[in-house]
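# Analysis of the macromolecular model
The residues making up each chain are set out below.
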Amino acid sequence: MKNKLTIVFVTSVLALQAQKFSFTPFVGVKAEIATGDGAQNEDYAYFKAFAPRIHAGLSPVLLGFNLEYLKNKNLFSLGLVHGDQANSTIRVEYFVKSDSPYLNYKFNTVLTNYAGYNVFKVPFSYKRELFSMNSKSKPENKVMSVRMHTGFNLQFLRIKGVPVLQNPIGFGSTITLLGDTLDPVGYAGHGNRSFSISFNLGLDFDFYVKNKRRFNLQLYYEQGTFKIAQSVILFYKDNPDIAWGGFSATSRGSSIHFKLGFPINFILK
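Each chain has its residues counted from 1, running along the sequence as written. In keeping with the model being predicted, local features are shown solely for residues with a pLDDT of at least 70 and side-chain atom pairs are shown and tallied solely at 80 or more, while totals for entire chains, interfaces and linings include all residues. The basis for the side-chain values is all heavy atoms of the structure; hydrogens and waters are excluded.

In this section: the layout of surface pockets. There is about 260 Å³ of room inside the second largest pocket. What lines the second largest pocket is Val 81, His 82, Gly 83, Asp 84, Tyr 117, Asn 118, Val 119, Phe 120, Phe 156, Leu 157 and Arg 158. Looking at the lining of the second largest pocket, the elements with two or more residues in it are strand E5 (74-97) and strand E6 (106-134). Here the residues of the lining of the second largest pocket are counted per class, giving six nonpolar, three polar and two charged. Whether a set of points on the 1 Å grid over the protein atoms alone is a cavity depends on a 1.4 Å probe fitting there but being unable to get out, while an open set qualifies as a pocket with protein on both sides within 12 Å along at least five of seven lines; lining residues are those with an atom within 4 Å of a point. Grid points are joined across faces, edges and corners, and a volume is the space filled by probe spheres set on the points. To qualify as a helix, a DSSP run of H or I must reach at least 4 residues; to qualify as a strand, a run of E must reach at least 2; elements of each kind are numbered from the N terminus. Ten residue types, Ala, Val, Leu, Ile, Met, Phe, Trp, Tyr, Cys and Pro, are classed as nonpolar, four, Asp, Glu, Lys and Arg, as charged, and the remainder, Gly among them, as polar.

Although it is not a glycine, Asn 167 sits at a positive phi angle of roughly 50 degrees. Think of it in three bands: residues with accessible area under 20% of the maximum for their type are buried, residues over 50% are exposed, and the middle band is partly exposed, with areas taken using a 1.4 Å probe on protein chains only. For Asn 167, a relative accessible area of 53% gives the class exposed. Even without glycine at this site, Asn 211 takes up a positive phi of about 65 degrees. Mapped onto the elements, Asn 211 comes out in the loop between strand E11 (195-209) and strand E12 (212-224).

For patch building, the residue pool is restricted to those with more than 30% relative accessible area and no salt bridge; the joining distance is 9 Å between like charges and 5 Å between nonpolar side chains (Val, Leu, Ile, Met, Phe, Trp, Tyr). Throughout, the Shrake-Rupley method with a 1.4 Å probe supplies accessible areas, and for residues the shown protein chains are the sole cover considered. In the sections that follow, a salt bridge refers to a side-chain nitrogen of Lys or Arg positioned within 4 Å of a carboxyl oxygen of Asp or Glu. For the purpose of counting charges, residues Lys and Arg are taken to be positive, whereas Asp and Glu are taken to be negative. His and the chain ends are not included. Working definition for charges: the position is that of NZ of Lys, CZ of Arg, CG of Asp or CD of Glu. Residues Lys 138, Lys 210, Lys 212 and Arg 214 make up a contiguous surface patch of positive charge. As for its placement among the helices and strands, Lys 138 is situated in the loop between E6 and strand E7 (142-156). Taking the relative accessible area as the measure of exposure, Lys 138 reaches 46% and is therefore partly exposed.

Another aspect to go through is a nonpolar patch on the surface. Judged by side-chain polarity, Val 27, Val 29, Val 61, Leu 63, Val 209, Phe 215, Leu 219, Tyr 221, Ile 256, Phe 258 and Phe 262 come together as a nonpolar surface patch covering roughly 890 Å² of accessible area. Those elements that provide at least two residues to the nonpolar patch are strand E1 (21-33), E12 and strand E15 (255-261). Turning to its location among the elements, Phe 215 is positioned in strand E12. Its relative accessible area of 39% is what places Phe 215 among the partly exposed residues.

Working definition: a ring pair exists when centres of Phe, Tyr or Trp rings (six-membered ring for Trp) sit within 6.5 Å. Plane angles under 30 degrees give stacked, over 60 give edge-to-face, the rest tilted. In the structure shown here, the tally under the stated rule is eight aromatic pairs. For the ring pair Phe 215 and Phe 262, a centre distance of 6.0 Å and an interplane angle of 75 degrees mean the geometry is edge-to-face. With a gap of 47 residues between them, Phe 215 in strand E12 and Phe 262 in the loop between E15 and strand E16 (264-265) connect regions that are remote in the sequence. Pairing Phe 235 with Phe 247 gives two aromatic rings, centres 6.1 Å apart and planes at 85 degrees, and the pair type is edge-to-face. In this pair, Phe 235 is assigned in strand E13 (residues 229-237) and Phe 247 in strand E14 (residues 243-251), connecting sequence segments 12 residues apart. Considered together, Phe 235 and Phe 247 belong to a single accessibility category, that of buried residues. Whether a charge sits over a ring depends on NZ of Lys or CZ of Arg being within 6 Å of the ring centre and within 35 degrees of the ring normal. Sitting above the plane of the Phe 226 ring, Arg 193 keeps its charged end 4.0 Å from the centroid.

Enumeration over the complete set of coordinates arrives at 10 salt bridges. In this structure, Lys 30 and Glu 32 form a salt bridge, with 3.4 Å as the shortest nitrogen-oxygen distance. Of the two residues, Lys 30 and Glu 32, neither departs from the other in class, the shared state being buried. Here Glu 222 ties to Lys 121 by a salt bridge, and the two come within 2.9 Å at their closest N and O atoms. Of this pair, Glu 222 sits in strand E12 while Lys 121 sits in strand E6; the two residues are 101 residues apart in sequence, bridging distant segments of the chain. For Glu 222, a relative accessible area of 1% gives the class buried. One network of salt bridges, in which partners are shared, links Glu 68, Glu 129, Lys 142, Arg 147, Asp 206 and Arg 213.

As for its position among the elements, Thr 225 is in the loop between E12 and E13. Remark: the alpha-carbon pair of Thr 225 and Ser 198, spanning 27 residues in sequence, is separated by 5.8 Å. Contacts are assigned to residue pairs that have any heavy atoms within 4.5 Å of one another. The residues contacting Thr 225, other than those within four sequence positions of it, are Ile 197, Phe 199 and Arg 252. Under this definition, polar contacts are N or O atom pairs within 3.5 Å; protein pairs additionally need one hydrogen-donor-capable and one acceptor-capable atom, and for neighbouring residues in sequence, both atoms have to be side-chain atoms. Polar contacts involving the side chain of Thr 225 include one to the main-chain carbonyl oxygen of Ile 197, which spans 2.5 Å.

Written out as structure tokens, the structure reads:
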């Protein structure tokens, strides 16, 4: 009898432990938050430069997984993220002369340069359950829970041997109202920093099937702490090797994330 009770007890403990640990692969997207643009060139008052505050269309799909430990209402998580980028976009508007000999009026030229820099990310998270909903037909079964999402990310960039400015894109030369020929060139670049940290704050929504976590939705804001990537447009006048002026937008990797995860409980034997 004692042996049977021991087996039942051990089995129950292992089953309980299996519910505490989970492996959660996820897929997600994000909207990049820009940090601003560089100073304008004072010699030409008709130059305007700006960076879109939110840029959602060019981020790649985020893939990764979390290793999670659940204790009461507290969930601790360690993970890996692949496909993340620190994105930045700069737009420059300026006036040029018409090429027509009969129409000598000014018109706008707008240049847009986008740069994304790959980031290898290791997230650490702490999530606290705020409230939950149970099934009406089976009150003992949980249907959904809402958790406060907090944490930080270790961000790694491979910049050894990589120039600060790279991947030049030519936009073609233009003649300004002052008769100068300008050659604008767009570059992608990094902030010469191989490591940085960012912080998360948001909400998690866990959905349960038969009282087990099966789906996880994450919606949170990520705040970067260092400028790690940039998009640049440089203008060359007379000397093609020395930039006459330029504009830049930088990125800390700050963004709004939306991710869908699929928790898988560890089976302990």
